[in-house]
Amino acid sequence: MGGYFSEIFYGSKSLLIGMGITFREFFKPTVTVQYPYQTIKMSAKFRGHTELIADEEGKPKCGVCGLCERACPSSCITLGSISVDIEVDGKVKKKKVLSKYELDFTKCSLCGQCVENCSFGALEFSKEYNLASTRKEDFHFNLLKRLEERNA
Ligand code: SF4
Ligand code: SF4
């Protein structure tokens, strides 16, 4: 008989504790984000795919050294360059400029080797997390074109 009343006591106690927690949480502000109508600001340390950084003139800061391409353990990066004439102190000199920066994001592990090895400070991680597609071609990014579109 004692066990019967003790079960009722502990059952009621646990029910009241549970209801108390429910009641407390009921009046707290809602934290659920109504995605995709609402989005959150990603933290500074978030790593999306890489992006090129522009200089003051809107041109890529990249010095076409090729370090990122060589440092990438997954061979995701393909660079291209052209040689252009520039005038320095009245003399015409040749300068290598970036003509292609392709990123195959299907292979990228977000290891950060490319960003860390860039001594020109020309690369950063984007805050892009909203990527979804059934075609892998949609994850092949032309970073030079993306930079031009951002500056347009
Ligand atoms: S390491 Fe930096 S400067 Fe060198 S090619 Fe890559 S992005 Fe350009
Ligand atoms: S984050 Fe790593 S895997 Fe991705 S492109 Fe850069 S070096 Fe390659």
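Details of the structure are given in the entry above.
First, a word on what this report is: a plain description of the structure on this page. Just so you know, the residues in each chain are numbered from 1, in the order the chain's sequence is written. Chain letters and ligand numbers both follow the written order, the letters beginning at A and the numbers at 1. Reporting in this predicted model follows two pLDDT cut-offs: at least 70 for local features of residues, and 80 or more for side-chain atom pairs to be given and counted; totals over whole chains, interfaces and linings ignore these cut-offs and use all residues.

1. Some words on the site of ligand 1
Part 1 of the argument: What surrounds ligand 1 is a group of 13 residues, the closest being Cys 62, Cys 65, Cys 68, Cys 118 and Phe 120.
Part 2 of the argument: Classification convention: Asp, Glu, Lys, Arg as charged; Ala, Val, Leu, Ile, Met, Phe, Trp, Tyr, Cys, Pro as nonpolar; all other residues, Gly among them, as polar. For the shell around ligand 1, the residue count by class is 10 nonpolar, three polar and no charged. Residues are counted as near a molecule or strand when the C-beta atom, derived from backbone positions, lies within 6 Å of that molecule or strand.

2. Regarding the site of ligand 2
Part 1 of the argument: Taken together, 13 residues surround ligand 2, and among them Cys 72, Cys 108, Cys 111, Gln 113 and Cys 114 come closest.
Part 2 of the argument: Split into classes, the residues belonging to the shell around ligand 2 amount to eight nonpolar, five polar and no charged.

3. Quick word on the pairing of strand S3 (residues 91-104)
Part 1 of the argument: In short, DSSP must find at least two bridges between two strands for them to pair. Strands here mean DSSP runs of E at least two residues long; helices mean DSSP runs of H or I at least four residues long; both are numbered from the N terminus. Strand direction decides the pairing type here: strand S2 (residues 77-88) and S3, joined by 12 bridges, are antiparallel. Residue pairing in the sheet places Asp 85 in a bridge with Lys 94 of S3.
Part 2 of the argument: In this structure, the hairpin formed by S2 and S3 is closed by a connection of two residues, where Asp 89 is found at a positive phi of approximately 50°.
Part 3 of the argument: With three bridges joining them, S3 and strand S5 (residues 140-142) adopt antiparallel strand pairing. In the sheet register, Leu 103 faces S5, and the bridge partner there is Phe 141.

4. Considering the nonpolar core
Part 1 of the argument: As used here, a nonpolar core is made of buried Ala, Val, Leu, Ile, Met, Phe, Trp, Tyr and Cys residues. They are joined through C-beta atoms within 7 Å. Around each residue's C-beta, the other C-beta atoms within 10 Å are counted; 20 or more make the residue buried, 12 or fewer make it exposed, and counts in between make it partly exposed. All C-beta atoms are placed from the backbone. Of all hydrophobic cores here, the largest spans 17 residues; its most connected members are Leu 52, Cys 68, Ile 77, Cys 114, Leu 123 and Leu 143.
Part 2 of the argument: Listed by contribution, the elements that provide at least two residues to this core are S3 and helix H4 (143-151).
Part 3 of the argument: Considering each element in turn, this core owes the most residues, three residues, to S3.

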